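Per-entry structural report
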Amino acid sequence: MLYINGEWCESNSGENIEVYNPATGELVGLAAKGGELEAERAIQAASEAYLSWKKTTAKEHYMYIKRAADLLRERTDEIASIITKEMGKPLSEAKGEMNLAIDYLDWYAEEGKRIYGDTIPASAPNKRIVILRQPIGVVGAITPWNFPIAMLTRKIAPALAAGCTVVLKAASATPLTAIEVFKAFHDAGLPKGVINLVNGSAQEIVGTMMASPKVRKITFTGSTEVGKELIRQSANTMKKVSMELGGHAPFIIFEDADLEKAVEGAILSKFRNAGQTCVCTNRIYVQKSIEKQFASLMAEKVKDLVVGNGMQSGVSVGPMIDKKAMEKAQEHIDDAFQKGATVLCGGTQLNEEEYVNGNFFAPTILCNVTHKMKISYEETFGPVAPIFTFETEEEAIQLANNTEYGLASYMYTKDGSRMFRVGEALEYGIVGINDSLPTVAQAPFGGIKESGVGREGGKYGIEDYLEYKFLSFDLE
Ligand code: NAP
């Protein structure tokens, strides 16, 4: 179903997206497949709704967002199982994502009450300067499949709190979860047209958003390649853009680190969501003196990870999203192997009987990895952990920063001065210090360099949905 102007509808063509479970290959459900016409209708609805939503009080914005958050909270179990069936992450992770998604709604429901302006001392006694913060207008939002609910609420919540209206296109792999978010807002009584959901052809829907002068802002989460293309397209109508793109996170372990904690952190960061997160570790840098110790401890623990259907209890790593994703992971492993890497564990997709219908890949650790290998500079987006070594702090920083990406990075050390020194030197939007899971609703999430533009989360995330207006008064 599509959700346009407060109504659930099918697409004009009657076509549907077929959603398959990556763990079983079974059909999970159908979702209406929209295109240009539906996107135009949704933009029109959002433009009309904007006229009243922008004037609605912060308290009313709060009440709608909070009500939707409460409904999602009540529906956590049901929606988490849709997430797991649609994209594979284990049920416990899906529930964790639900909590994060709801946190964004709770946070921005409140934050909307604190959109303050300024008064500034004027340059003449008869003049006054007042600065207003106003919503930017209709927002076009595009989201990926790997966090099918948190990426939606991280955009919808600040947009609504700022007084903007939204047209959202969710990833074609995960439209069913998106529908649940819109159901919650519908049931919360949100006025018609304030948020609209058009799933379907990316080319047509996003193309229509990009071309429309009515859409004043684009917020995109996805690959760097598509992000760059959208920035180019945004120039035609001079839209404000925020881009949450790919990453290539370094995970640095100094010899003074708590090794057990570092191994646990590396495993969580690397294998959560089967390695399909933008902030997941792509390069592990271990100080040479502890390389062997670290690698064998990590291999021991990785062998205990249970790969399987995320609906089964005890499963820690679910399937990858599709065959293409598995091929990329395999390509990175093969390339590294041919160039001299050794496979400490895993290394291939899993073909045993219980795995044959799904996209299961063995959690993999590679040693003797060099910076000539693809895995050292391309985002793998899969459960493959390459271990590099370094000798000095300076070298670790230099290697960690040697990438066009700049989203998340991690370091493990007990040295307080080093935490600051290295934390300040890492060219990343996020630095986890003895912390492999830093994302929270109240902090700014986002990258530098080719990992993106803008931030989502906390008081920073609402900025992207607001404009400043300068009122100058001459009182004479
Ligand atoms: P993707 O292929 O870029 O797709 C993301 C969204 O863009 C989907 O809704 C997709 O629609 C749409 N899209 C695809 N091609 C398009 C085009 N040519 N024009 C307009 N829209 C287009 O990325 P993905 O595979 O879903 O997600 C994985 C990537 O997202 C990784 O690189 C990951 O690092 C990044 N990511 C970043 C963050 C962050 O916060 N920085 C968070 C999560 C993921 P369809 O699904 O219909 O193709």
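An account of the accompanying structure is given in this report. Note that the structure is predicted; figures quoted are calculated from it, not measured.

So, how was this worked out
- Residue indices follow the written sequence of each chain, beginning from 1 at its first position.
- Thresholds applied to this predicted model are a pLDDT of at least 70 for local features of residues and 80 or more for the giving and counting of side-chain atom pairs; totals over whole chains, interfaces and linings are not thresholded and use all residues.
- As a convention, hydrogens and water are excluded, and side-chain values are obtained from all of the structure's heavy atoms.
- For the purposes of this entry, the term helix denotes a DSSP run of H or I that reaches at least four residues, the term strand denotes a run of E that reaches at least two, and both are numbered from the N terminus.
- C-alpha atoms define the radius of gyration in this analysis, and the globule rule sets the expected value at 2.2 Å times the number of residues to the power 0.38.
- Two residues form a contact once any of their heavy atoms are found within 4.5 Å.
- Computed with the Shrake-Rupley method and a 1.4 Å probe, the accessible areas treat only the protein chains shown as cover for residues.
- Residues scored as charged are limited to Lys and Arg (positive) and Asp and Glu (negative), so that His and the chain ends carry no count.
- Charged groups are reduced to one reference atom each: NZ for lysine, CZ for arginine, CG for aspartic acid, CD for glutamic acid.
- For this analysis, a polar contact is any N or O atom pair within 3.5 Å, provided that within protein one partner can donate a hydrogen and the other can accept it, and provided that sequence-adjacent residues contribute only side-chain to side-chain pairs.
- Here a strand pair is declared whenever DSSP counts at least two bridges between the two strands.
- Fitting a line to C-alpha atoms yields each axis, with helices limited to the stretch in contact; the angle taken between N-to-C directions then spans 0 to 180 degrees.
- Put simply, the grid is 1 Å and covers the protein atoms alone, a cavity is a trapped set of points that fit a 1.4 Å probe, a pocket is an open set with protein on both sides within 12 Å along at least five of seven lines, and lining residues have an atom within 4 Å of a point.
- Grid points are joined across faces, edges and corners, and a volume is the space filled by probe spheres set on the points.
- Each residue gets one label: Ala, Val, Leu, Ile, Met, Phe, Trp, Tyr, Cys and Pro are nonpolar, Asp, Glu, Lys and Arg are charged, and the others, such as Gly, are polar.
- Each salt bridge in this description consists of a side-chain nitrogen of Lys or Arg and a carboxyl oxygen of Asp or Glu lying within 4 Å of one another.
- In these notes the angle categories are as follows: under 35 degrees is roughly parallel, over 145 is roughly antiparallel, 65 to 115 is roughly perpendicular, and the rest is oblique.
- Whether a crossing is left-handed or right-handed is set by the direction in which the near helix is turned from the far one by less than a right angle, anticlockwise for left-handed and clockwise for right-handed.
- To be near a molecule or strand, a residue needs just one of its heavy atoms within 4 Å of it.
- Three exposure classes are used, based on accessible area relative to the maximum for each residue type with a 1.4 Å probe and protein chains only: buried under 20%, partly exposed in between, and exposed over 50%.
- A patch consists of residues exposed above 30% relative accessible area that lack any salt bridge, with like charges linked at up to 9 Å and nonpolar side chains (Val, Leu, Ile, Met, Phe, Trp, Tyr) linked at up to 5 Å.
- Note on ring pairs: Phe, Tyr and Trp rings are taken, using the six-membered ring of Trp, and paired if centres are within 6.5 Å. Classes follow the plane angle, with under 30 degrees stacked, over 60 edge-to-face and the rest tilted.
- A ring is scored as having a charge over it whenever the NZ atom of a lysine or the CZ atom of an arginine sits within 6 Å of its centre and within 35 degrees of its normal.

1. With respect to the overall build of the chain
- Of the regular secondary structure elements, the chain holds 14 helices and 20 strands.
- The C-alpha atoms of the chain give 23 Å as radius of gyration, which agrees with the globular expectation for 476 residues (23 Å, within 12%).
- If one aligns the C-alpha atoms of the chain with their principal axes, the spans along those axes are about 75 × 60 × 40 Å.
- Long-range contacts, defined as pairs at least 24 residues apart, comprise 73% of the intrachain contacts of the chain with a sequence gap of at least 6.
- When the accessible surface of the chain is split by element, carbon and sulfur atoms take 51% of a total near 19,400 Å².
- Taken as two groups, the 50 positive and 62 negative side-chain charges of the chain have centres that lie 5 Å from each other.

2. Quick word on the side chain of Asn273
- Considering the arrangement of structural elements, one finds Asn273 in the loop between helix H9 (259-271) and strand S13 (281-287).
- A distance of 3.0 Å separates the side chain of Asn273 from the backbone oxygen of Asn146, its partner in a polar contact.
- Non-local contacts of Asn273, meaning those with residues more than four positions away in its chain, are made with Met87, Lys89, Glu93, Asn146 and Phe147.

3. Here's the deal with the sheet that holds strand S17 (residues 408-412)
- If you trace the 7 strands from one edge of the open sheet to the other, you get S14-S15-S16-S13-S12-S17-S18, paired in mixed fashion. Of all the strands in the sheet, the pair left with one neighbour each is strand S14 (342-345) and strand S18 (430-433). With direction set aside, neighbouring strand axes in the sheet form an average angle of 25°.
- Relative to strand S16 (residues 384-390), strand S15 (residues 364-367) runs parallel, the two being bridged by 3 bridges. In the sheet register, Leu366 faces S16, and the bridge partner there is Pro386.
- Most of the contacts of helix H10 (residues 291-302) go to S13, to which it runs at about 140°, and overall it touches strand S12 (249-253), S13, S14, S15 and S16.
- Along the sheet face, helix H11 (residues 323-338) touches S14, S15 and S16 and points at about 25° away from the line of S15.

4. Quick notes on the layout of surface pockets
- Approximately 390 Å³ is the volume found for the second largest pocket.
- For the second largest pocket, the lining is made up of 21 residues, of which Gly96, Leu100, Phe147, Arg272 and Leu437 are closest to its centre.
- The element that contributes the greatest number of residues to the lining of the second largest pocket is helix H4 (residues 91-111), accounting for 7 residues.
- Here the residues of the lining of the second largest pocket sort into 10 nonpolar, 5 polar and 6 charged.

5. Looking at the pattern of salt bridges
- Per the counting criterion, the structure on display carries 23 salt bridges.
- Residue Lys66 is joined to Asp70 by a salt bridge in which the shortest nitrogen-to-oxygen separation is 3.8 Å. With Lys66 and Asp70 both in helix H2 (residues 58-74) and 4 residues apart, the pair spans about one turn of that helix.
- Beyond isolated ion pairs, a larger network of salt bridges with shared partners links Lys66, Asp70, Arg73 and Asp106.

6. Concerning the sheet that holds strand S5 (residues 118-120)
- With respect to topology, 3 strands assemble into an open sheet ordered S5-S6-S20, the strand pairing being antiparallel. With partners counted over all chains shown, the strands left at the sheet margins are S5 and strand S20 (466-474), one partner each. Across the sheet, the axes of successive neighbouring strands diverge by a mean angle of 25°, strand direction being ignored.

7. Some words on the packing of H2 against helix H6 (residues 175-187)
- At a minimum axis separation of 8 Å, H2 and H6 run at an interaxial angle of 125°. As summarised for this structure, H2 and H6 are arranged oblique, according to the angle between their axes. Here H2 runs over H6; the crossing is right-handed. Side by side, H2 and H6 meet where Tyr64, Ile65, Ala68, Leu71 and Leu72 of the first sit next to Glu180, Val181, Ala184, Phe185 and Asp187 of the second.
- Here the contact of H2 with H6 is composed, by residue class, of 8 nonpolar, no polar and 2 charged.

8. Things to note about the site of the ligand
- The full set close to the ligand counts 29 residues, and Thr143, Ser172, Ser223, Leu245 and Glu379 are the nearest of them.
- For the ligand, a nitrogen atom lies 2.8 Å from a polar atom in the backbone of Leu245.
- Its free accessible area being 900 Å², the ligand has 83% of it covered by the protein chains.
- Residue assignment for the shell around the ligand shows that the elements contributing at least two residues are helix H5 (150-162), helix H7 (202-211), strand S10 (215-221) and helix H8 (224-234).
- For the shell around the ligand, the residue count by class is 16 nonpolar, 9 polar and 4 charged.

9. A closer look at the side chain of Asn126
- By the element assignment, Asn126 lies in the loop between S5 and strand S6 (127-135).
- A residue is classified by how much of its surface remains accessible, and Asn126, at 16% relative accessible area, is buried.

10. Focus on a nonpolar patch on the surface
- A grouping of Tyr20, Leu27 and Leu30 is seen on the molecular surface, where their side chains present a nonpolar patch of about 300 Å² in accessible area.
- Among the structural elements, Tyr20 can be located in strand S3 (residues 16-20).

11. A few points about the environment of Leu91
- Inspection of the secondary structure puts Leu91 in helix H4.
- In sequence terms Leu91 and Thr342 are 251 residues apart; their C-alpha atoms lie 33 Å from each other.
- Sequence-distant contacts of Leu91, defined by excluding residues within four places in its chain, comprise Ala80, Ser81, Thr84, Gly310 and Met311.

12. Details of the packing of aromatic side chains
- Per the stated rule, a full pass over the model turns up 9 aromatic pairs.
- The interplanar angle of 45° and the centroid separation of 4.6 Å between the aromatic rings of Tyr3 and Trp8 together place this pair among those described as tilted.
- Here Trp8 falls in the partly exposed class, since its relative accessible area comes to 25%.
- When the ring of Tyr3 is compared with that of Phe182, the centres are 6.0 Å apart and the planes differ by 65°; the resulting orientation is edge-to-face. Taken as a pair, Tyr3 in strand S1 (residues 2-4) and Phe182 in helix H6 lie far apart in primary sequence, 179 residues in all.
- Under the relative-accessibility criterion, Tyr3 is labelled buried at 3%.
- Feature note: the residues Tyr3, Trp8 and Phe182 constitute an aromatic cluster, connected by ring pairs.
- One Lys or Arg, Arg154, reaches over the ring of Phe445 and ends 4.1 Å from the middle of that ring.
- Above the ring of Tyr465, the side-chain terminus of Lys217 is found at 5.2 Å from the ring centroid.

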